[in-house]
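The primary structure of each chain is shown beneath.
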Amino acid sequence: MTRRAILLFVLICFADSEPDKKWWNSASFYQVSPVSFKDSNNDGYGDIQGLIGNLNYIVDSGFDSLFLSPFYETPFKDYGYDISNYTAIDPKFGNEADVDQLLLEARRHGLKVVVDFVPNHSSNEHEWFINSENGIVGFENFYIWHSGIPTDTSDRPLPPNGWESFYGGSSWQWSEKRQAYYYHAFGVMQPDLNLREPSVLDELQKILLYWLQKGVDGFRIDAVSQLFEDPNLVEDPLIHNNLNETYELVDQWRRLFDNYTITNGGEEKVLVPQVWESQLDALVNYFRNGNGDDLTQLPTNFIIINELHRNSRAADYKRTIDNYLTVLPEGAIANWFLGTHDHSRVASRMGPDRISGLTMLLLTLPGVAFTYSGDELLMLDYRDISWKDTTDMWACNSNPIDYKMLSRDPNRTPFQWNGSINGGFNSGTPTWIPSHPNYVENNLELQRNSPMSHYKYYKRLLQLRKHSAFVEGDFSSKILSENVFAYSRSIDNATFLILINVGNRSEIIDTEVLNALNAGVKHDLKMVLVSPSSAFSEGDVAASDNVPMEPFDALIAEIRMTNS
């Protein structure tokens, strides 16, 4: 079979059908966990002032939007996702004035800001839970309580069912004060809010309005799939994921945001529900409500993280990407992730050799791209964090033998600014979790000064991403060999060809098959951007039927007609 024999061909036109482009349609989000970004006061924790002082870095890199992990008041037993006050700032991160300054400075820098919203659960140190556990009138039903199943063999009743927490063990915790069990999908210290209780919904709405009035541009909705549990307590643990009530509640919030914008002016507020499932139907349902109205804009698409791995071939890439794009409702905008604070670093998970191609994929596919802070530096997991220094609840609930492969601490280590102590994260105080020791040879300062580095490559891709072909151009994909995945982004008279070699061997690629509609017309390829390991340089020209690619090579070329 010749290279001209196409294994698979799908043409997908993916252009925004809306006449007025929204700010988020092609946004480049930079996810920052303030605790790991920059410590401005040398207390070991990153903070809001550390972020403010480095907004120039984020803008200069080419990002236009921020997604901020929690900075709210917290006992910090689960990375800040155990919130004890949703409208107060934890002192380790700063104060209200710092957040006001951050939002003001972000606007001045042209950055949109989306913040984490955690409606599934609070901390057990939240005033609501303390009141509910003590039976204070008005708070009795703020959380999910159950008296348990009576038994003759114990003074304490049994848990209502066998549901298990994501962090291990039963999802039900006995309260001596209340003499009842409370439900927690995650940690024992994270009781689930009862979202069927109107007073809880009222409080959550007040929180959303508070942050809208502060000036945020949207919310990531944490753990959206777990917002409601089966009311009949059916044993099947999956039956209470993505219930209809979940979509109805998210729809209420969308209408709240739209009405806020209509009343107060300004641009549309964006919702980013965290959807873990790989099932495309569960994901797609978050784009539209039952009436066909817009629901949320960017339900998180973890399909690359969940389905592609080191042994994936070009056909796997094509299938994974095309399957997602083809099920999107008309007018919906795609989004892509290579990593988050909950996933192993992409360079560790996929291997550093593949990162040039994966980064090119992330930043040139149609739609919105999310970058987890540090991925632009090729930061790696630090799997040798000791049991004593481990903070991640998932790991802490295991044991000193197995914790390393369960822990998310390795992909949450402090940002590596330079080669000084703690990677320049602070001035030397022990950090909240240890820095990766490879900061000496891998840091921003070194990569900025290197003639060719992953950071500079990332920055160039973010610049090229602003071209109209990548903002709103059509998309079409092909397999050119077992290991070479190709796709084009085209608009008007500009067509860019992206070639990604996912294999560890060199290949000679014939791309003329991409020009079947112009049969008999010869083309050449002008290299616009190439991976650091490529044999090409920017500006080089190659014959379209004879393109040499190095192992794990990645190329962006402009397709040009020749006179021959």
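Residues numbered from 1 in each chain as written. Predicted model: local features only at pLDDT ≥ 70, side-chain atom pairs only at ≥ 80, totals over all residues. Heavy atoms only, no water.

## Description of the environment of Asn301
Item 1. With respect to the helices, strands and loops of the structure, Asn301 is situated in the loop between helix 8 (280-284) and helix 9 (303-307).
Item 2. On a C-alpha basis, the gap between Asn301 and Leu283 in space is 7.6 Å, while along the polypeptide they are 18 residues apart.
Item 3. Those residues within four positions of Asn301 in sequence are excluded, and the remaining contacts are Leu283, Tyr324, Asn335, Trp336 and Phe337.
Item 4. Here Ile303 takes part through its backbone nitrogen, which lies 3.1 Å from a polar atom of the side chain of Asn301. (Helix = DSSP H or I, 4+ residues; strand = E, 2+ residues; numbered from the N terminus. Contact = heavy atoms within 4.5 Å. Polar contact = N/O pair within 3.5 Å; in protein donor to acceptor, adjacent residues only side chain to side chain.)

## Structural notes on the sheet that holds strand 7 (residues 145-146)
Item 1. Strand order in this open sheet of three strands is 7-9-8, and the pairing throughout is antiparallel. Of all strands in the sheet, those bounded by a partner on one side alone are strand 7 and strand 8 (172-175).
Item 2. The pairing of strand 7 with strand 9 (residues 180-183) spans two bridges and is classified as antiparallel. Among the inter-strand pairings, Trp145 is bridged to a residue of strand 9, identified as Tyr182. (Pairing = 2+ DSSP bridges.)

## Description of the sheet that holds strand 3 (residues 65-68)
Item 1. Read from one edge to the other, the open sheet built from seven strands follows the order 11-10-6-3-2-13-12, with strand pairing classed as parallel. The open sheet terminates on both sides in strands that have one partner only, identified here as strand 11 (270-273) and strand 12 (335-337). Pairs of neighbouring strands in the sheet enclose a mean axial angle of 25°, with direction left out of account.
Item 2. As paired elements, strand 2 (residues 28-32) and strand 13 (residues 368-372) share four bridges and run parallel to each other. Paired with Ser28 across the bridge in strand 13 is Ala369.
Item 3. Of the strands in this sheet, strand 12 and strand 13 touch helix 12 (residues 355-364), which is tilted by about 135° from strand 13. (Axes fitted to C-alpha atoms, helices over the stretch in contact; angles between N-to-C directions.)

## Let's talk about the pattern of salt bridges
Item 1. Taken as a whole and assessed by the stated rule, the structure comprises 31 salt bridges.
Item 2. Here Asp381 makes a salt bridge to Arg383, at a shortest N to O gap of 3.4 Å.
Item 3. Where salt bridges share partners, they join Asp78, Asp342, Asp392, Arg408 and Arg412 into one cluster. (Salt bridge = Lys/Arg side-chain N within 4 Å of Asp/Glu carboxyl O.)

## Remarks on the pairing of strand 16 (residues 494-501)
Item 1. Most of strand 16 is tucked away, with seven of its eight residues classed as buried.
Item 2. Relative to strand 16, strand 15 (residues 484-491) runs antiparallel, the two sharing eight bridges. Following the sheet pairing, Val484 is matched in strand 16 by Asn501.
Item 3. Hairpin geometry of strand 15 and strand 16 is characterised by an intervening segment of two residues between the two adjacent antiparallel strands and by a positive phi of about 50° at Asp492.
Item 4. Examined bridge by bridge, strand 16 and strand 21 (residues 554-561) share five bridges and lie antiparallel to one another. Residue pairing for strand 21: Leu497 is matched across the bridge by Ala557. (Buried < 20%, exposed > 50% of the residue type's maximum accessible area, 1.4 Å probe, protein only.)

## Here we look at the packing of aromatic side chains
Item 1. Considering all chains together, one arrives at 48 aromatic pairs under this definition.
Item 2. Pairing Tyr167 with Trp394 gives two aromatic rings, centres 5.5 Å apart and planes at 55°, and the pair type is tilted. With Tyr167 in the loop between strand 7 and strand 8 and Trp394 in helix 13 (residues 393-396), this residue pair connects regions lying 227 residues apart in the sequence.
Item 3. What makes Tyr167 buried here is its relative accessible area of 6%.
Item 4. On the basis of relative accessible area, Trp394 is assigned to the partly exposed category, the value being 31%.
Item 5. Ring centres of Trp276 and Phe302 lie 5.7 Å apart, and the angle between their planes is 65°; on these two criteria the pair is classed as edge-to-face. Taken together, the residues span a long stretch of sequence, with Trp276 in the loop between strand 11 and helix 8 and Phe302 in the loop between helix 8 and helix 9 at a distance of 26 residues. (Phe/Tyr/Trp six-rings, centres within 6.5 Å; stacked < 30°, edge-to-face > 60°.)

## Observations regarding the confidence of the model for the protein
Item 1. For the protein, per-residue confidence averages 93 on the pLDDT scale, and residues scoring 70 or more make up 94% of the total.
Item 2. Here residues 1-19 is a poorly scored stretch, pLDDT under 50, and it has 51 contacts once near neighbours within four places are set aside; other chains count. (pLDDT = per-residue confidence, 0-100.)

## Points about the packing of helix 6 (residues 198-214) against helix 7 (residues 244-264)
Item 1. Taken N-terminus to C-terminus, the directions of helix 6 and helix 7 make an angle of 35°; their axes are 11 Å apart at the nearest point. For the pair helix 6 and helix 7, the crossing hand works out as right-handed. Across from Leu201, Leu204, Gln205, Leu208, Leu209, Leu212 and Gln213 in helix 6, the residues of helix 7 making contact are Leu249, Trp253, Leu256, Phe257 and Tyr260.
Item 2. Classifying every residue of the contact of helix 6 with helix 7 gives 10 nonpolar, two polar and no charged. (Left-handed = near helix turned anticlockwise from the far one by under 90°. Nonpolar A, V, L, I, M, F, W, Y, C, P; charged D, E, K, R; others polar.)

## Topic: the nonpolar core
Item 1. Formed by 121 residues in total, the largest nonpolar core has its most connected members in Tyr57, Ile58, Phe71, Trp253, Trp336, Leu361 and Ile556.
Item 2. By size, the runner-up hydrophobic cluster in this structure holds 17 residues, among which are Leu497, Leu499, Leu525 and Ala542. (Core = buried A, V, L, I, M, F, W, Y, C linked by side-chain atoms within 4.5 Å.)

## With respect to the side chain of Arg412
Item 1. Structurally, Arg412 can be placed in the loop between helix 14 (403-406) and helix 15 (444-449).
Item 2. Separated by 3.0 Å, the side chains of Arg412 and Asp342 make a polar contact.
Item 3. When neighbours within four sequence positions are excluded, Arg412 is seen to be in contact with Ser36, Tyr79, His341, Asp342, Tyr372, Asp392, Trp432 and Ile433.

## Some remarks on the environment of Arg345
Item 1. Take Arg345: it is sitting in the loop between strand 12 and helix 11 (346-350).
Item 2. Spatially, the C-alpha atoms of Arg345 and Pro410 are 8.3 Å apart, while their sequence positions differ by 65 residues.
Item 3. Each residue touching Arg345, except ones within four places of it in the same chain, is listed here: Tyr372, Ser373, Gly374, Asp375, Met379, Leu380, Asp381 and Asn411.
Item 4. Reaching out from Arg345, the side chain makes a polar contact with the backbone oxygen of Ser373 at a distance of 2.8 Å.

## Quick look at the environment of Tyr79
Item 1. Relative to the elements of secondary structure, Tyr79 occurs in the loop between strand 4 (72-73) and strand 5 (85-89).
Item 2. According to the relative accessible area criterion, Tyr79 is buried, its value standing at 7%.
Item 3. Note: C-alpha distance between Tyr79 and Ile262 (183 residues apart in sequence) is 35 Å.
Item 4. Not counting chain neighbours up to four residues away, the residues in contact with Tyr79 comprise Ser33, Val35, Ser36, His341, Tyr372, Arg412 and Trp432.
Item 5. Side-chain polar atoms of Tyr79 contact the side chain of Ser33, separated by 2.9 Å.

## Observations regarding the pairing of strand 21
Item 1. Of the pairings in the sheet, the one linking strand 18 (residues 523-530) to strand 21 comprises seven bridges and is antiparallel in character. Among the inter-strand pairings, Leu529 is bridged to a residue of strand 21, identified as Ile556.

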